[in-house]
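# Overview (structure and organization)
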Amino acid sequence: MNLQQVFAQSDAIGKAVALLLLLMSIASWVIIVWKAWMLRRAGGNVARAVAAFWQAPSLQDAATQLQGIDRAALVLPLVQATQAPDGGTLAGAGEREQQLTRTLRGALHGVMRRLQFGQVLLATTGSIAPFIGLLGTVWGIYHALTSIAGSGQISIERVAGPVGESLIMTAAGLAVAIPAVLAYNGFGRVIGAIEAELEGFARDLRELFAHRT
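Residues numbered from 1 in each chain as written. Predicted model: local features only at pLDDT ≥ 70, side-chain atom pairs only at ≥ 80, totals over all residues. Heavy atoms only, no water.

## Quick notes on the nonpolar core
Short version of the rule: In plain words, nonpolar cores are sets of buried Ala, Val, Leu, Ile, Met, Phe, Trp, Tyr and Cys residues tied together by side-chain atoms within 4.5 Å. Relative accessibility thresholds used throughout: buried, under 20% of the residue-type maximum; exposed, over 50%; partly exposed, between the two (1.4 Å probe, protein chains only). Helix and strand definitions follow DSSP, with helices as H or I runs of at least four residues and strands as E runs of at least two, each counted in order from the N terminus. Here, residues are in contact when the closest pair of their heavy atoms is within 4.5 Å.
Ranked by size, the top nonpolar core spans 38 residues in total, and within it Phe53, Val75, Leu78, Leu115, Leu198, Phe201 and Leu205 carry the most contacts. Secondary-structure elements contributing two or more residues to this core are α2 (12–55), α3 (59–69), α4 (76–80), α5 (96–116) and α8 (168–209). For this core, the leading source of residues is α8, giving 10 residues. Other than its neighbours up to four places away in sequence, Leu115 contacts Lys35, Met38, Leu39, Leu74, Ile191, Ile194 and Leu198. Val17, Leu21, Met24 and Ala177 belong to the second largest nonpolar core, which has eight residues in total.

Right under this line is the structure:
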């Protein structure tokens, strides 16, 4: 019996569980492919962009070079945050060092939100997909045993088949969860490395521009 036959013989709850697992799998794989491409590009771009910034003769030249290198816009927002805020506003209040702390923190948080996008979905999928699959298994076993008991003919052969088919849902839940967990952990390490590099660059920018007018 193939998966199509198992799905066809399921009731509404069994079909709903199977469809939910399918949607979670599709969503997680879309995120995995997209983040793998994005983080692979971002990791190299950040290192090149930071190096290009320090080698530039002026801030204007650095910003121009970063527009061609920093295609993911991870470093350029930090550089732009060093510009003095407009006077007459709370953003421009306080010492220059305090202004830089606020603007660089805000820029860094914005960059990190983009890097972290999709991580919650992967974590959620990895956490709940096995339990959704287990729910499908338990419901399938209950449904199968109820049908067998109603027929009045109970034997190990009649029980083993439906129960085995129901266990497919547990395997499906694990198949959805395992890639999501592995991707979440792998992406987390890459994001952590990029975050550390950006935080160091932000501290350097703060020291560089703290006493400039």
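## A few points about the packing of aromatic side chains
For clarity, the threshold we go by: Aromatic pairing here means that ring centres of Phe, Tyr or Trp (its six-membered ring) are within 6.5 Å. Orientation follows from the plane angle: under 30 degrees is stacked, over 60 is edge-to-face, and everything else is tilted.
Under the criterion given, the structure shown has four aromatic pairs. Relative to Trp54, the ring of Phe53 has its centre 4.9 Å away and its plane inclined at 85 degrees; by these criteria the two rings are edge-to-face. Here Phe53 falls in the buried class, since its relative accessible area comes to 5%. Clustering of aromatic rings is evident, with ring pairs tying together Phe53, Trp54 and Phe201.

## Some thoughts on the packing of α2 against α8
This is how it is decided: In this description, a line fitted to the C-alpha atoms serves as the axis of each element, helices being fitted only across the stretch in contact, and the angle between N-to-C directions of two axes falls anywhere from 0 to 180 degrees. Note on terminology: angles under 35 degrees are roughly parallel, angles over 145 are roughly antiparallel, angles of 65 to 115 are roughly perpendicular, and the others are oblique. Take the far helix as your reference; a near helix turned counterclockwise from it by less than a right angle gives a left-handed crossing, and one turned clockwise gives a right-handed crossing. Gly is placed with the polar residues, together with every amino acid not listed as nonpolar (Ala, Val, Leu, Ile, Met, Phe, Trp, Tyr, Cys and Pro) or charged (Asp, Glu, Lys and Arg).
Between α2 and α8, whose axes approach to 9 Å, the crossing angle comes to 25 degrees. Viewed along their axes, α2 and α8 adopt a mutual orientation that is roughly parallel. Read as a crossing pair, α2 and α8 show a hand that is left-handed. Classifying every residue of the contact of α2 with α8 by side-chain character gives 29 nonpolar, five polar and three charged.

## Some remarks on the packing of α5 against α8
Remark: α5 packs on α8, axes separated minimally by 10 Å, with the N-to-C direction vectors making an angle of 160 degrees. Compared by their axis directions, α5 and α8 come out roughly antiparallel. In this structure, α5 crosses over α8, and the sense of that crossing is right-handed. Across from Arg96, Glu97, Leu100, Thr101, Leu104, Leu108, Val111, Met112, Leu115 and Gln116 in α5, the residues of α8 making contact are Ile191, Ile194, Glu195, Leu198, Glu199, Ala202, Leu205, Arg206 and Phe209. Of the residues belonging to the contact of α5 with α8, the class tally is 12 nonpolar, two polar and five charged.

## A closer look at the pattern of salt bridges
Selection rule: Any carboxyl oxygen of Asp or Glu within 4 Å of a side-chain nitrogen of Lys or Arg constitutes a salt bridge here.
Evaluated as defined, the whole model comprises two salt bridges. In this structure, the salt-bridge partner of Arg206 is Glu97, at a minimum N-O distance of 2.7 Å. Taken together, the positions of Arg206 in helix α8 and Glu97 in helix α5 put the pair 109 residues apart, joining distant regions of the chain. Looking at Glu97, the relative accessible area reads 36%, which means it is partly exposed. A salt bridge links Arg206 to Glu207; the shortest N-O distance between them is 3.5 Å. Owing to a relative accessible area of 24%, Arg206 belongs among the partly exposed residues under this scheme.

## Section: the confidence of the model for the chain
Applied cut-off: Each residue gets a pLDDT score, which is the predictor's confidence in that residue and runs from 0 to 100.
Residues at a pLDDT of 70 or more form 80% of the chain, whose mean pLDDT is 84. Averaged over each element, pLDDT in the chain is lowest for helix α1 (residues 3–9) (62) and highest for α8 (92).

## Quick look at the environment of Phe117
In this fold, Phe117 is placed in the loop between α5 and α6 (119–151). Among all residues touching Phe117, those that are not within four sequence positions of it are Ile31, Trp34 and Lys35.

## Quick word on the side chain of Ser28
Relative to the helices and strands, Ser28 resides in helix α2. Judged by relative accessible area, Ser28 falls into the buried class, the value being 1%. Leave out the neighbours within four places in its chain, and Ser28 touches Leu121, Leu122, Thr125 and Ala180.

## Details of the environment of Ala177
Tracing the sequence through the fold places Ala177 in helix α8. Using a relative accessible area of 3% as the deciding quantity, one classes Ala177 as buried. For Ala177 and Met24, which are 153 residues apart along the polypeptide, the C-alpha to C-alpha distance reads 9.0 Å. With sequence-adjacent residues up to four places away left out, Ala177 is seen in contact with Thr125, Gly126, Ala129 and Pro130.

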